[in-house]
Amino acid sequence: MSDYHPIGCETYAALEIAIVQGVRLRVGWQSPDGRWHLEPLLPVDLRTRRHEEYLIAQRTVGRPLEIRLDRIRRFKPM
């Protein structure tokens with residue numbers, strides 16, 4: 001059983017708006033190994049897999065990133 005906790009509708013909607021408008025975000029999240037990250041990201045999609053929701057984002061340089069939504073602690077437009 002997953003330890004996933006769904007995020008609030010307002011937060012989900014804010015991510016959807018950023019995706020549609022192409023707004024780059026400064027995102028703070030905790031990875032599964034417990035490390036904290038703070039990066040500018042371009043959100044490109046939201047996906048659901050095995051009853052868990054994920055943000056698909058593009059880093060400034062490198063491969064796309066997938067972050068489980070309940071691991072995101074904060075984000076704001078840049």
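Here the structure is a predicted model, which is why all the values come from computation and not from measurement.

Student: Describe unusual backbone geometry, listing the residues and the values that go with them.
Tutor: Even without glycine at this site, arginine 50 takes up a positive phi of about 50 degrees. Take arginine 50: it is sitting in the loop between β2 (36–49) and β3 (52–59).

Student: Describe the sheet that holds strand β1 (residues 25–30), listing the residues and the values that go with them.
Tutor: Pairing within the open sheet is antiparallel, and its five strands lie in the order β4-β3-β2-β1-β5. Where the open sheet ends on each side, the last strands, each with one partner, are β4 (65–68) and β5 (72–77). Here the average twist between neighbouring strands, direction ignored, is 45 degrees. Bridge count for β1 against β2 is six bridges, and the pairing is antiparallel. Paired with tryptophan 29 across the bridge in β2 is histidine 37. Against the sheet, helix α1 (residues 9–21) engages β1, β2, β3 and β5, with an angle of about 95 degrees to β2.

Student: How would you summarise the pattern of salt bridges if you had to cite specific residues and measurements?
Tutor: A complete count under the given rule lists seven salt bridges for this structure. Here aspartate 45 and arginine 47 are joined by a salt bridge, their closest N and O atoms 3.1 Å apart. Arginine 68 is the salt-bridge partner of aspartate 70, the closest N and O atoms lying 2.6 Å from each other. Here aspartate 70 and arginine 68 have matching classes, each one buried. Residues participating in the shared-partner salt-bridge network are Asp3, Glu52, Arg68 and Asp70.

Quick notes on the rules
Residues numbered from 1 in each chain as written. Predicted model: local features only at pLDDT ≥ 70, side-chain atom pairs only at ≥ 80, totals over all residues. Heavy atoms only, no water. Helix = DSSP H or I, 4+ residues; strand = E, 2+ residues; numbered from the N terminus. Pairing = 2+ DSSP bridges. Axes fitted to C-alpha atoms, helices over the stretch in contact; angles between N-to-C directions. Contact = heavy atoms within 4.5 Å. Salt bridge = Lys/Arg side-chain N within 4 Å of Asp/Glu carboxyl O. Buried < 20%, exposed > 50% of the residue type's maximum accessible area, 1.4 Å probe, protein only.

Structural measurements only, silent on function.
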